[in-house]
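The chain contents come next:
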Amino acid sequence: MSVSMAFVLVLVLLNAAPVLAQGTSADVLRVVPSGEVQQFSGRMVLLLSGYSAAIVLASLLGGWLSSLVNLTHTVSQTIISFVGGLMLGIGVFHLFPHSLHGGQAASEAAGWMMCGIVAMFLLIRWFHFHHHGPLEISTDREDPCAGQHADKSAGSSLLVQLGAGSTVCDHTGEQVHGDHGGLVQRAAPATAPHCHHAHQLSWVGILIGLSLHTLLDGMALAASVAAESRHSVLFSLFGFGTFLAVLLHKPMDALSITSLMKSGGWNARQRFRVNLGFALMCPLGALLFVLGLTASGGAVAGAVSGMLAFSAGVFICIALSDLLPEMEFHAHNRLQLTTVLLGGILLAWCLRFLESGQLHQLR
Ligand SMILES: [Zn+2]
Ligand SMILES: [Zn+2]
Ligand SMILES: [Zn+2]
């Protein structure tokens with residue numbers, strides 16, 4: 001783990017080196033192109049506050065809904081497909097091109113995007129915090145997957161099984177995925193089962209992973225508002241695409257954490273508090289970005305552009321982490337899921353009509 005963290009750090013430093021060198025020179029404001037000096041106006045802060053409030057409300061609503069209704073598997077997969085497509089589209093069609101418009105070199109933007117992808121990939125790999133859909137704690141030690149992890153499980157850890165009722169995790173045979181019934185094994189099980197569906201989750205891992213995930217969403221939002229504020233956007237809703245993607249994605253995060261806590265025996269009040277804590281990470285991320293930019297007097301050249309490219313990578317990785325398991329493990333409703341996925345991507349593309357068009361041109 002430390003090796004991969006070091007790898008990301010090296011990536012980030014390599015990318016940031018020219019920026020840092022520029023930032024330490026005495027006459028920094030003359031080096032920075034005029035468009036790069038970026039301050040947040042009162043109106044932008046107000047807009048960010050409105051976005052943040054809506055996102056926090058959406059998160060709370062998502063957590064609250066989980067205690068009211070049980071979404072069917074197909075409905076939740078459909079939502080995941082649509083929002084995944086939207087996030088993918090926002091990352092590819094908007095965040096990345098907008099980062100280039102700020103005057104950032106394409107190779108530099110590509111570097112930041114790779115940092116975002118790798119950072120989010122490692123976060124998900126080590127902390128296993130990003131599961132949407134039904135989660136339940138497995139207590140069955142006879143479970144072939146449970147046995148694999150049982151010796152490793154620490155006191156604060158939970159063994160979580162994805163997909164209600166799926167106890168067969170061997171993927172060497174041909175399988176079909178029923179609508180609610182989990183996996184059905186068709187071929188004879190192999191002697192050494194390998195398991196894709198069970199992960200050892202720890203509350204600490206979820207806490208760190210989900211907090212950073214939401215914090216980064218808030219920063220992406222602030223950077224998007226900053227970047228678009230120099231252009232004419234319909235109703236001056238700067239950063240609307242990023243806002244929409246985060247707004248629709250957050251309830252799914254809230255749903256996964258509250259349903260996990262519910263099966264872990266936490267009561268409604270505890271679930272609400274933890275969910276609220278996670279939701280508040282978004283305004284905190286936005287605030288940190290605004291304060292950082294304001295404190296530096298807008299002098300860190302390319303901070304907004306770099307953050308946009310980094311966020312493009314984060315959005316792409318998060319979207320694919322939701323979409324790829326669906327493709328691999330869910331053989332049902334393929335036409336419906338593909339249609340809503342394309343719908344999400346199309347919606348992201350269409351959001352360019354709210355913008356002036358300059359945002360998609362190189363300066
Ligand atoms: Zn755009
Ligand atoms: Zn998420
Ligand atoms: Zn399925």
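Everything numeric in this text was worked out from a predicted model, so none of it was measured.

Attention now moves to helix H7 (residues 203-228). If you check H7, its first and last C-alpha atoms are 37 Å apart, about what 26 residues at 1.5 Å a residue would give, namely 38 Å. Most of H7 sits out of view: 21 of its 26 residues are buried.

Binding of the zinc ion (ligand 1) to the protein goes through His94 (ND1), His98 (NE2), Glu355 (OE), Glu355 (OE) and His360 (NE2), at separations of 2.0 to 2.6 Å. Spacing between the donor residues of the zinc ion (ligand 1) along their common chain follows H-x3-H-x256-E-x4-H. Linking histidine 94 with histidine 98, this pair stays in helix H4 (residues 73-101), spanning four residues, or about one helical turn.

Model confidence for the chain is summarised by a mean pLDDT of 76, while 69% of its residues fall at 70 or above. Taken as a whole, residues 19-37 scores under 50 in pLDDT and shows 25 contacts with residues more than four places along the chain or in a different chain. Segment residues 134-198 is flagged for pLDDT under 50; beyond a separation of four residues in sequence, or across chains, it makes 124 contacts in the model.

Attention shifts here to the pattern of salt bridges. Across all of its chains, the model carries two salt bridges by this definition. A salt bridge links aspartate 217 to lysine 250; the shortest N-O distance between them is 3.0 Å. On the criterion of sequence distance, the pair formed by aspartate 217 in helix H7 and lysine 250 in helix H8 (residues 240-263) is long-range, its members being 33 residues apart. Classification of aspartate 217 by relative accessible area gives buried; the value is 1%. Between lysine 250 and aspartate 253 there is a salt bridge, and its shortest N-O distance comes to 2.7 Å. Remark: aspartate 253 and lysine 250 occur in helix H8; sequence separation between them is three residues, near one turn of the helix. Of the two residues, lysine 250 and aspartate 253, neither departs from the other in class, the shared state being buried. Linked by salt bridges that have partners in common, Asp217, Lys250 and Asp253 make up one network.

Among the secondary structure elements, isoleucine 316 is positioned in helix H10 (residues 303-329). For isoleucine 316 and methionine 87, which are 229 residues apart along the polypeptide, the C-alpha to C-alpha distance reads 6.9 Å. Every residue in contact with isoleucine 316, bar those within four places of it in the chain, is listed here: Leu88, Val92 and Met113.

Attention now moves to the packing of H8 against helix H9 (residues 268-295). Taken N-terminus to C-terminus, the directions of H8 and H9 make an angle of 150°; their axes are 10 Å apart at the nearest point. Relative to H9, H8 is oriented roughly antiparallel. Handedness of the H8/H9 crossing: right-handed. Residues Val246, Ala254, Ile257, Thr258, Met261 and Lys262 of H8 form the contact with H9, whose participating residues are Gln270, Arg271, Val274, Asn275, Phe278 and Cys282.

Under the defined criterion, the tally for this structure stands at three aromatic pairs. A centroid spacing of 4.2 Å and a plane angle of 15° characterise the contact between tyrosine 51 and phenylalanine 243, whose relative ring orientation is stacked. Note that tyrosine 51 is positioned in helix H3 (residues 42-68) and phenylalanine 243 in helix H8, a separation of 192 residues in sequence. Each member of the pair tyrosine 51 and phenylalanine 243 is classed as buried. A connected cluster of aromatic rings, assembled from ring pairs, spans Tyr51, Phe240 and Phe243.

Moving on, we come to a nonpolar patch on the surface. Together, Leu61, Trp64, Leu65, Leu68, Val69, Leu71, Val75 and Ile79 make up a nonpolar patch on the protein surface, roughly 720 Å² of accessible area in all. Every element with two or more residues in the nonpolar patch is listed here: H3 and H4. At four residues, H3 tops the list of elements feeding residues into the nonpolar patch. Tracing the backbone shows tryptophan 64 in helix H3.

The subject of this paragraph is unusual backbone geometry. Apart from glycine, the bulk of residues carry a negative phi angle, and the bulk of peptide bonds sit in the trans form. The phi angle at histidine 128 is positive, at roughly 45°, despite the residue not being glycine. Note that histidine 128 resides in the loop between helix H5 (106-127) and strand E1 (135-137). Even without glycine at this site, asparagine 333 takes up a positive phi of about 50°. Within the secondary structure, asparagine 333 sits in the loop between H10 and helix H11 (334-350).

Rules of the game
Residues numbered from 1 in each chain as written. Chains lettered and ligands numbered in written order. Predicted model: local features only at pLDDT ≥ 70, side-chain atom pairs only at ≥ 80, totals over all residues. Heavy atoms only, no water. Helix = DSSP H or I, 4+ residues; strand = E, 2+ residues; numbered from the N terminus. Expected span 1.5 Å × (residues − 1). Buried < 20%, exposed > 50% of the residue type's maximum accessible area, 1.4 Å probe, protein only. Donors = N, O, S within 2.8 Å, 3.2 Å for Na, K, Ca; no water. pLDDT = per-residue confidence, 0-100. Contact = heavy atoms within 4.5 Å. Salt bridge = Lys/Arg side-chain N within 4 Å of Asp/Glu carboxyl O. Axes fitted to C-alpha atoms, helices over the stretch in contact; angles between N-to-C directions. Parallel < 35°, antiparallel > 145°, perpendicular 65-115°, else oblique. Left-handed = near helix turned anticlockwise from the far one by under 90°. Phe/Tyr/Trp six-rings, centres within 6.5 Å; stacked < 30°, edge-to-face > 60°. Patch = residues over 30% accessible without salt bridge, like charges linked within 9 Å, V, L, I, M, F, W, Y side chains within 5 Å. Areas by Shrake-Rupley, 256 points an atom, 1.4 Å probe, with all protein chains shown as cover.

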